[in-house]
Amino acid sequence: GKYGVLAIVKTIKTNLLIAGGGLASCILAYRIKSLSSDIDFLVVEKDHQLGGNHNWSFHTTDISNSQFEWLSPLITFRWNEHDVVFPQYSRTIKGGYNTITSIDMHEKLMPLIGNHVLFDNAINYLDNKVAKLDDGTVIEADIVIDAMGNSPSKGITIAYQKFLGIEIELNKTHNIERPILMDAAVEQIDGYRFMYTLPFSEKKLLVEDTRYSDSSQINEEEYQAQIMKYLDMKGWQDCKIIKKEKGVLPIILNGNYSNVFNKEIGMIGMKALLCHPTTGYSLPHAVKIADLISSKIYNKSNKINDDIKQYSIQSWKKDEFFRVLNRMLFWACEPSSRYKVFQRFYTLPESLIAKFYSREYLFIEKIKMMIGMMDGFKPPIKISKALKVLYRNE
């Protein structure tokens, strides 16, 4: 009419709002539900499925035994060892390696937390008490956690780990018993490049072309052509493509982490840059922060956002060692020679390799890692060049 239509605003109230339905949100919701059925929470996801289209992997030693135990029902695939391949060196490394697929996680979680998820709704406003959705819905919450994807890199210097993955089904068995985490015995294009292969069944494989690059651009046609070339070389050309996955992860070089926390909202996942600075693995952080938050909620703590922020800041400080390694990799190495750093790294004892991935190391172990990467007759990085970039801040 003359004065328009009166809009009816739907308001939802909840104790905990988790903005975003990615990995960190899913694991947090699962952990909360496993501890108590009385806690009121709501996950808001802009798409129609939890987790998107992803595969997340981790080493068993990346998390504690108790964390692995409660996470186990969500794990899709498990292996007891894995391989790495380089031009001058290859090795089988013992120790558990695990993968969670987003489709599997969605199917397992929905019977448990389906009543706590709101799909197909984008959040256009978020503060520490309120979220506003595109459809006009207002959500009021005692606690708000932001897990809506990558954090802006303002004030943070990054490089990129980018990949295109193709899941294939062969007409014959592939005879791969364990994952190949890095096959760098391939042409070094666009930085450090390797092929990543996960055997999902006797005939199904995930094969990814991964590159540590100065650019975030992915030419899908070129990547897929390289993958098909690799499949031909392996004798896996007689296959059909099931699905594709691509992504770009930050390789953190330097920066001021206080710029990431520009709101009084607890942030988790990639929103808070909670990933391994060198490998990009984010699942271990997701598990640890889920343990922290769920325990605080269970005990009715009112300082959850402060605890989340403190966890993130401590992790950032702890990871300066990895950012130094990253600066050496990108600023002291020619792109075509970056593989030599990882080739050297994988000659270290298995215990040190595990420490690298878990980020749980003593000072002397950190020194051994650093020396191990540069030691030898022809070190991959010249010491004089490495020293120049250790504390470069630009």
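Keep in mind it's a predicted model, so treat the numbers as computed, not measured.

1. A word on a nonpolar patch on the surface
- A cluster of nonpolar residues, Leu 362, Phe 363, Ile 364, Ile 367 and Ile 371, forms a patch on the protein surface that exposes about 500 Å² of accessible area.
- As for its placement among the helices and strands, Ile 367 is situated in helix α10 (residues 363–374).
- By relative accessible area, which is 32% here, Ile 367 ends up partly exposed.

2. A word on the environment of Asn 128
- The residue Asn 128 is located in the loop between β7 (123–126) and β8 (130–133) in this model.
- Sequence spacing of Asn 128 and Ile 143 is 15 residues, and the spatial spacing of their C-alpha atoms is 6.8 Å.
- Other than its neighbours up to four places away in sequence, Asn 128 contacts Ala 141, Asp 142, Val 144, Glu 264 and Ile 265.

3. Description of the pairing of strand β2 (residues 41–44)
- The side-chain alternation of β2 yields two buried faces, one formed by Phe 41 and Val 43 and the other by Leu 42 and Val 44.
- Pairing of strand β1 (residues 11–19) with β2, which is carried by four bridges, proceeds in the parallel orientation. In the sheet register, Leu 17 faces β2, and the bridge partner there is Leu 42.
- For the crossover from β1 across helix α1 (residues 23–35) to β2, the handedness is right-handed.
- Of the pairings in the sheet, the one linking β2 to strand β6 (residues 117–118) comprises two bridges and is parallel in character. By the bridge assignment for β6, Val 43 is matched with Val 117.

4. Looking at the confidence of the model for the protein
- Averaged over all residues, the pLDDT of the protein equals 90, while 90% of them reach at least 70.
- Counted against residues more than four places away or in other chains, residues 1–6, with its pLDDT under 50, gives zero contacts.

5. Notes on the packing of aromatic side chains
- All told, the structure shown has 20 aromatic pairs when counted by the stated rule.
- Pairing Phe 322 with Phe 356 gives two aromatic rings, centres 5.3 Å apart and planes at 70°, and the pair type is edge-to-face. A residue pair is termed long-range when its members are at least 10 positions apart, and Phe 322 in helix α7 (residues 320–331) and Phe 356 in helix α9 (residues 350–358) qualify at 34 residues.
- Accessibility expressed as a relative area gives 0% for Phe 322, which makes it buried.
- Through a chain of ring-to-ring contacts, three or more aromatic side chains come together here, namely Phe 86, Tyr 281, Phe 321, Phe 322, Phe 345, Tyr 346, Phe 356, Tyr 357 and Tyr 361.

6. Considerations on the environment of Phe 119
- With respect to the element layout, Phe 119 can be found in the loop between β6 and β7.
- Once the C-alpha coordinates of Phe 119 and Glu 45 are considered, the two residues, 74 residues apart in sequence, prove to be 5.0 Å apart.
- Not counting residues within four places of it along the chain, the set of residues in contact with Phe 119 comprises Glu 45, Asp 47, His 48, Gln 49, Leu 50, His 106 and Met 110.

7. Examining the nonpolar core
- Formed by 54 residues in total, the largest nonpolar core has its most connected members in Ile 27, Leu 71, Ile 268, Leu 283 and Ile 293.
- Broken down by element, this core gets its largest block of residues, eight residues, from α1.
- Each residue touching Ile 268, except ones within four places of it in the same chain, is listed here: Ala 24, Ser 25, Leu 28, Ile 145, Asp 146, Ala 147, Leu 274, Ile 289, Ile 293 and Ile 308.
- In terms of nonpolar packing, the next biggest core, distinct from the first, is built from 42 residues, Leu 181, Tyr 212, Trp 331 and Cys 333 among them.

8. Topic: the environment of Glu 350
- Within the element layout of this structure, Glu 350 appears in helix α9.
- Residue class for Glu 350 comes out partly exposed when judged on its relative accessible area of 29%.
- Through-space distance from the C-alpha of Glu 350 to that of Lys 94 is 7.7 Å; in sequence the pair is 256 residues apart.
- Those residues in contact with Glu 350 that lie beyond four places of it in its chain are Arg 91, Thr 92, Ile 93 and Lys 94.
- Here the side chain of Glu 350 touches Lys 94 through a polar contact of 3.3 Å, landing on its backbone nitrogen.

9. Quick word on helix α4 (residues 220–234)
- Between its first and last C-alpha atoms α4 spans 21 Å; for 15 residues at 1.5 Å apiece the expected length is 21 Å, and the two agree.
- For α4, the elements touching its buried residues are β10 (156–170), β11 (180–183), β12 (192–199), β13 (204–213) and β14 (239–255).
- Between the side-chain oxygen at the start of α4 and the backbone nitrogen of Glu 221 there is a gap of 3.2 Å, and the oxygen is on Asn 219.
- Two residues or fewer past α4, Gly 235 is found with a positive phi of approximately 80°.

10. Notes on the sheet that holds β10
- The strand order across the open sheet built from eight strands is β3-β5-β4-β11-β12-β13-β10-β14, with neighbouring strands paired in mixed fashion. Either end of the sheet is taken by a strand with one partner, and the two such strands are β3 (55–59) and β14. Along the sheet, successive strands turn relative to each other by an average axial angle of 25°, direction set aside.
- In the packing of helix α3 (residues 102–113) onto the sheet, the strands contacted are β3, β5 (89–101) and β14, and the crossing angle to β5 comes to about 35°.
- Contacting β10, β13 and β14, α7 runs over the sheet at an angle of about 105° to β14.

Cut-offs used in this document
Residues numbered from 1 in each chain as written. Predicted model: local features only at pLDDT ≥ 70, side-chain atom pairs only at ≥ 80, totals over all residues. Heavy atoms only, no water. Patch = residues over 30% accessible without salt bridge, like charges linked within 9 Å, V, L, I, M, F, W, Y side chains within 5 Å. Areas by Shrake-Rupley, 256 points an atom, 1.4 Å probe, with all protein chains shown as cover. Salt bridge = Lys/Arg side-chain N within 4 Å of Asp/Glu carboxyl O. Helix = DSSP H or I, 4+ residues; strand = E, 2+ residues; numbered from the N terminus. Buried < 20%, exposed > 50% of the residue type's maximum accessible area, 1.4 Å probe, protein only. Contact = heavy atoms within 4.5 Å. Pairing = 2+ DSSP bridges. Right-handed = clockwise from strand over helix to strand, strands pointing away. pLDDT = per-residue confidence, 0-100. Phe/Tyr/Trp six-rings, centres within 6.5 Å; stacked < 30°, edge-to-face > 60°. Core = buried A, V, L, I, M, F, W, Y, C linked by side-chain atoms within 4.5 Å. Polar contact = N/O pair within 3.5 Å; in protein donor to acceptor, adjacent residues only side chain to side chain. Expected span 1.5 Å × (residues − 1). Axes fitted to C-alpha atoms, helices over the stretch in contact; angles between N-to-C directions.

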